[in-house]
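# Overview (structure and organization)
The primary structure of each chain is shown beneath.
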Amino acid sequence: MEKKLNKLILNKAVQLLAQRDHSSCELSRKLTLFFSKKITCSKDDYPEQLNKLKTEIGHVIAHCTNQHWMDDKQYIEKYIFMRAHKGYGKYKISLELKQRGLSSDLSRELLLLADIDWSKIAHHQLLKKFKLIAPQNNQQKQKVIQFLKARGFTQLDIKTAYSLLT
C-alpha cells in the first residue's frame, strides 16, 4: 500500500509541477492539503497517519529535487525577476518569499546578486502612478515616499528615483 501511496503522491507532485514552478515548501503544503483530506481513519489514528503522509511527501519532494524537476534557488531567482518586472522592491519581494516558506538567507543573497536597477524600477513606478509631480510640493513628496515604501523599495532607491524627477 505504501508503494501505491508514494506513486499517488509522486503523480500529483508531477501534475502540479507540470502546471507551474513550485518551491519545495509550497509543493509540500499543497500535497499535504490534498492528501490529508483522503485519510480515512479514526480520530485517534489521524495524527499518526498525517505524520506518515508528511514523511512520504518529504521523500517525494526529495526525489523531485534530485531529478531536477524543482529547485528552490531557481524558483527564487525567477520570482525575483517576475515581481521586479511588476514594479516591486527588494523588501516586498523578500517578505513574499519568506511568506512562501523559502530561506531568508538564500532570498537575501539572490536579491543582492540580481542584476536589477531598483532605482530605475522605482522611478518608472512613480511616473506610472503620478503623471505630474511638483518637486517643491512637500505633501506630494510624502505621498510619493509612502507609495514607494509600500511597494517595498529601500530609502536609497526612493531618494534616487525622486531625484530623477527633479
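Everything in this summary refers to the structure shown in the same document.

Rules and cut-offs
- Residues numbered from 1 in each chain as written.
- Predicted model: local features only at pLDDT ≥ 70, side-chain atom pairs only at ≥ 80, totals over all residues.
- Heavy atoms only, no water.
- 1 Å grid on protein atoms, 1.4 Å probe; cavity = no way out; pocket = protein on both sides within 12 Å on 5 of 7 lines; lining within 4 Å.
- Points joined across faces, edges and corners; volume = space filled by probe spheres on them.
- Helix = DSSP H or I, 4+ residues; strand = E, 2+ residues; numbered from the N terminus.
- Axes fitted to C-alpha atoms, helices over the stretch in contact; angles between N-to-C directions.
- Parallel < 35°, antiparallel > 145°, perpendicular 65-115°, else oblique.
- Left-handed = near helix turned anticlockwise from the far one by under 90°.
- Contact = heavy atoms within 4.5 Å.
- Nonpolar A, V, L, I, M, F, W, Y, C, P; charged D, E, K, R; others polar.
- Buried < 20%, exposed > 50% of the residue type's maximum accessible area, 1.4 Å probe, protein only.
- Lys, Arg positive; Asp, Glu negative; His and termini not counted.
- Salt bridge = Lys/Arg side-chain N within 4 Å of Asp/Glu carboxyl O.

### Side note on the layout of surface pockets
In this structure, the second largest pocket encloses a volume near 170 Å³. Contributing to the lining of the second largest pocket are Ala 84, His 85, Lys 86, Gly 87, Ile 116, Lys 120, Ile 121, His 124, Gln 125 and Lys 128. Among the elements of the structure, helix 4 (72-85) and helix 7 (118-129) are those that each provide at least two residues to the lining of the second largest pocket. It is helix 7 that contributes the most residues to the lining of the second largest pocket, 5 residues altogether.

### What to know about the packing of helix 4 against helix 5 (residues 90-99)
Any two packed helices are characterised by the angle at which their axes cross and by the distance between the axes. Viewed as axis vectors pointing N to C, helix 4 and helix 5 meet at an angle of 135 degrees, and their least axial separation amounts to 10 Å. Classified by the angle their axes make, helix 4 and helix 5 are oblique. Seen from above, helix 4 lies across helix 5 with right-handed handedness. Counting all contacts with helix 4, which are made through Ile 76, Tyr 79, Ile 80, Arg 83 and Ala 84, the residues of helix 5 involved are Ile 93, Glu 96 and Leu 97. Here the contact of helix 4 with helix 5 is composed, by residue class, of 6 nonpolar, no polar and 2 charged.

### Considering the side chain of Arg 151
Along the chain, the position of Arg 151 falls in the loop between helix 8 (138-150) and helix 9 (155-165). Despite its burial, Arg 151 remains without a salt bridge, the nearest opposite charge being carried by Glu 96 at 8.1 Å. For Arg 151, the contacting residues outside a window of four places in its chain are Lys 86, Gly 87, Tyr 88, Gly 89, Lys 92 and Gln 125.

### Quick word on the side chain of Ser 119
Examined against the element boundaries, Ser 119 turns out to sit in helix 7. Not counting the four nearest positions on each side in its chain, Ser 119 is found in contact with Asp 157, Thr 160 and Ala 161.

### Some points on the pattern of salt bridges
Overall, the coordinates contain 5 salt bridges when judged by the stated rule. Each of Arg 20, Glu 26 and Arg 100 takes part in a single network of salt bridges with overlapping partners.

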